[in-house]
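Understanding the architecture of this molecule
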Amino acid sequence: MFEGEGLVGTKLSPVLKPEPGVISDFDMTLSRFGCNGRRCPTSHNILDNSRVISEDGKRKLQDLLHYYYPIEIDPNRTLEEKCPLMVEWWSRAHELLSQQKIQKGDIAQIVRESDVMLRDGFKELFDQLHKNNVPLFIFSAGVGDILEEIIRQANVFYSNVNVVSNYMDFDDNGILTHFKGPLIHTYNKNNSVLQGTKYFQQLSTRTSIILLGDSMGDLTMADGVPSVENILKIGFLNDKVEERREKYLDAYDIVLESDETLDVVNGILRYLLTET
Ligand code: C5P
Ligand code: MG
């Protein structure tokens, strides 16, 4: 938590001002979980449901989702139980997607034709962070190429935004052949998959981190940031709210239930960053 007067306020010397950084999950955290009673797609779902996937491929990807998603969010299973099953889900889905001859040049159109939505208030969030030179690290177990395209089309892919995610690899003809490693799934979002990225370098001077997530797996995203003194963990509890509330309240500092906006995050940032 942010504690003590020294971290916020206007009468402080610049030395005492916080050096915040934001680490955020993408799917169902920066993007919406639902709209008008309908589920919004994850970055994987955008591909799964797109016109470039065969009917047989779609059915198989749906089957995987229906089998593994309840396991992913099950509050009664341990991490040890879940981890190998998540590796299985991601590997099987990536294998299926890699058989579909997806073209790099089709990605922008696939995103445009999808039902994906960023949470209300996304523009204020990205604009505030950019204006104040606050690094925003998006750490996602989704598909990097897709989520980058989403924020590009929303005109908020600013220079302070960095993404660590699963990226696709294409052959010389621009056809998807496989996903590059290391594989990032819901429950290995920690420094084990961050070697060789700019993550720690970019966040190395940041003493206060705001962490945004929607899964219990997102809680480890700031592990290993060297100078961190305070982490404010904000969790979006989207699904199975009753069953999971207790665990979320234990693990996150702030829990937002069925909130499709970034208003709370923007309010906190406004308070931290605004000089009056
Ligand atoms: O960005 P984030 O880390 O939230 O992305 C992971 C999400 O993508 C998971 O919560 C999972 O439910 C979803 N997923 C999916 N299809 C897959 C694998 C993961 O929709 N094949
Ligand atoms: Mg998520």
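Please read all numbers here as calculations on a predicted model, not as lab measurements. (Residues numbered from 1 in each chain as written. Chains lettered and ligands numbered in written order. Predicted model: local features only at pLDDT ≥ 70, side-chain atom pairs only at ≥ 80, totals over all residues. Heavy atoms only, no water.)

1. Brief notes about the sheet that holds strand β5 (residues 161–166)
So the rule is basically this: Strands qualify as paired when DSSP identifies two bridges or more between them. Under the DSSP-based scheme used, a helix requires at least four consecutive residues in state H or I and a strand at least two consecutive residues in state E, with every element numbered from the N terminus. Helix axes use the C-alpha atoms of the stretch in contact, all axes being lines fitted to C-alpha atoms, and the angles between their N-to-C directions lie in the range 0 to 180 degrees.
Read from one edge of the open sheet, 6 strands run β5-β4-β1-β8-β9-β10, paired in parallel fashion. Each end of this open sheet is capped by a strand with a single partner; those strands are β5 and β10 (254–257). Averaged over all pairs of adjacent strands, the angle between strand axes in this sheet comes to 15 degrees, irrespective of strand direction. Bridge analysis of strand β1 (residues 20–24) against strand β8 (residues 208–213) gives 5 bridges, and the strand direction is parallel.

2. What to know about the nonpolar core
The criterion, for reference: By nonpolar core we mean a set of buried residues, namely Ala, Val, Leu, Ile, Met, Phe, Trp, Tyr and Cys, connected to one another through side-chain atoms within 4.5 Å. Any residue under 20% of the maximum accessible area for its type is buried, any over 50% is exposed, and the rest in between are partly exposed; the area is computed with a 1.4 Å probe on protein chains only. Contacts: residue pairs with any heavy atoms within 4.5 Å of one another.
Judged by nonpolar contacts, the single largest core of 81 residues is most densely connected at I23, F126, I138, F139, I146, M168 and Y199. Among all residues touching I146, those that are not within four sequence positions of it are S43, I46, L47, I107, V111 and M168.

3. What to know about the pattern of salt bridges
Stated formally: Throughout this description, the term salt bridge denotes a Lys or Arg side-chain nitrogen within 4 Å of a carboxyl oxygen of Asp or Glu.
In total, this model carries 20 salt bridges according to the counting rule given. A salt bridge links E242 to R245, with the shortest nitrogen-to-oxygen separation between them at 3.1 Å. On the criterion of helical spacing, the pair formed by E242 and R245 is a turn pair, its members being 3 residues apart in helix α8 (residues 241–251). A salt bridge links R245 to E257, with the shortest nitrogen-to-oxygen separation between them at 2.5 Å. In this pair, R245 sits in helix α8 while E257 sits in strand β10, placing the two residues 12 residues apart along the sequence. According to the relative accessible area criterion, E257 is partly exposed, its value standing at 34%.

4. Brief notes about the site of ligand 1
Let me state the cut-off plainly: Definition of nearness: a residue and a molecule or strand are near each other if at least one heavy atom of the residue lies within 4 Å of the molecule or strand. Between N or O atoms, a polar contact is any pair within 3.5 Å; within protein, one atom must be a potential hydrogen donor and the other a potential acceptor, and residues adjacent in sequence are included only when both atoms are from side chains. Lys, Arg, Asp and Glu make up the charged group, whereas Ala, Val, Leu, Ile, Met, Phe, Trp, Tyr, Cys and Pro make up the nonpolar group; the residues left over, Gly among them, are polar.
The full set close to ligand 1 counts 15 residues, and D25, T42, E72, S140 and K189 are the nearest of them. Within the side chain of D25, an N or O atom sits 2.7 Å from an oxygen atom of ligand 1. Between ligand 1 and the protein, one listed contact pairs a nitrogen atom with a side-chain N or O atom of W89 at 3.3 Å. When residues of the shell around ligand 1 are traced back to their parent elements, those giving at least two are α1 (43–48), α2 (55–73), α3 (79–98) and β4 (136–143). Each residue belonging to the shell around ligand 1 can be placed in one class, and the counts come to 6 nonpolar, 5 polar and 4 charged.

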